[in-house]
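Each chain, letter by letter, is given below.
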Amino acid sequence: MKASRISLLLLGVAVAASAAFLLLRSGSFDRPLDKVSLRLNWTVYGEHAPFYAAKENGFFREQGLDVEILPGSGSGATVKLIGEGASDFGYADSGTVIKGITSGAKLKSVAVFTQRNTQSLMFFKDKPIRQPQDIIGKRLAFTSGDASAQVFFSTLVSMGIDASKVKVLYYSTPREKEQAVFDGKADAFGGLYIDQLPRLREQWKPREVDAFKFHEHGLEALAMGIVAHDDLIKRRPDLVKRFVAASQRGAQWAQGHPAEAAALVFKHTQGDTLASVRTQIDYWIACIHSPRTMGKAVGWMAPEDWAATIDLVAKTTQIEASRDLSAYFDNQFINQDIR
């Protein structure tokens, strides 16, 4: 009887020690998790792999974070929500961030994970656009007021193309401009190839779709990155640093495990196939760094890239953007060891 009690006591001690070890490994033993929200730029697609990798692999938890990932309805809406303090972090287009800050939004970019701009023209291969001169005479579809149209006209200037030699058609929604090309009412439409091209290649089979990528023809402008409100940066720099580090680890992991990352993201998509999500991630991996940040930590931002993006915004809008780069981004939260 005495021996049985001793055995039970030893077993209890072993179980308690094992539980304590597991709690310590999970990070929850040290402190309660900080609950934070991340508002995406759009519904979920492959470019969002860093955040789902960080969440589902426990990288956020290891940094003491419990992160709720919320879909967005465009970078403009995301910038507005972060500026109002409605979400802790946002993922938004850098040009839109510049416009928001110039208009008074109190936020900054703390990491950019897509540094080659992914604006493009998409078309059927039987009406190809391979070089700038091929744009002349084409009917091009855009959504009214979207960033693609603004970037397109700026890119035309840099490519030496007279805008009067292009016919531009405007539609109310992205689906309408895509449908215009499908129905033959337009020759190409403007949009983000990183998201739309893989999806359309699946949906429009057996017809083949391709893209004219602006960054291959002179466009220098940062794309998507993490933003935070100025007050959060000031009050909780430790929290911002932990969020960025975990997201960097997610980006690092997704680069090394693209198929697994696609499976994680696919569970949260609407209407995409697993194959198209996998291709979206491949496109994103090719755009993580600009030529100026190759070899640097993932997410680290080159001042020259921000200056080029500000120049683009100045050309395509009527706003007067500040030339003080510190008003737009802050590299202090980047973990330089995560590449």
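First, a word on scope: everything that follows refers to the structure included in this document. (Residues numbered from 1 in each chain as written. Predicted model: local features only at pLDDT ≥ 70, side-chain atom pairs only at ≥ 80, totals over all residues. Heavy atoms only, no water.)

## Let's talk about the nonpolar core
Item 1. Core analysis: the largest hydrophobic core is formed by 67 residues, its most contacted members being Phe51, Phe89, Phe113, Ile226 and Phe243.
Item 2. The leading source of residues in this core is helix H10 (residues 237-256), at eight residues.
Item 3. Of all hydrophobic cores here, the second largest spans 19 residues; its members include Leu140, Ala149, Ala188 and Leu219. (Core = buried A, V, L, I, M, F, W, Y, C linked by side-chain atoms within 4.5 Å. Buried < 20%, exposed > 50% of the residue type's maximum accessible area, 1.4 Å probe, protein only. Helix = DSSP H or I, 4+ residues; strand = E, 2+ residues; numbered from the N terminus.)

## What to know about the side chain of His289
Item 1. The topology assignment puts His289 in the loop between helix H12 (274-286) and helix H13 (303-316).
Item 2. In this structure the side chain of His289 is engaged in a polar contact, spanning 3.1 Å, whose partner is the backbone oxygen of Thr293.
Item 3. The contact partners of His289, leaving out residues within four places of it in the chain, are Gln115, Arg116, Met294, Lys296, Ala297 and Val298. (Polar contact = N/O pair within 3.5 Å; in protein donor to acceptor, adjacent residues only side chain to side chain. Contact = heavy atoms within 4.5 Å.)

## Description of the pattern of salt bridges
Item 1. Taken as a whole, this structure holds 22 salt bridges when the rule is applied.
Item 2. Between Asp187 and Lys127 there is a salt bridge, with the nearest N and O atoms lying 3.5 Å from each other. Taken as a pair, Asp187 in the loop between helix H7 (174-182) and strand E8 (188-192) and Lys127 in the loop between strand E5 (119-124) and strand E6 (139-143) lie far apart in primary sequence, 60 residues in all.
Item 3. Accessibility expressed as a relative area gives 10% for Asp187, which makes it buried.
Item 4. Among the salt bridges present, the one from Lys205 reaches Glu202, with a minimum N-O distance of 3.8 Å.
Item 5. Exposure remark for Glu202: the relative accessible area of 31% places this residue in the partly exposed category.
Item 6. It is possible to trace a salt-bridge network through shared partners that takes in Asp34, Arg236, Asp238 and Arg242. (Salt bridge = Lys/Arg side-chain N within 4 Å of Asp/Glu carboxyl O.)

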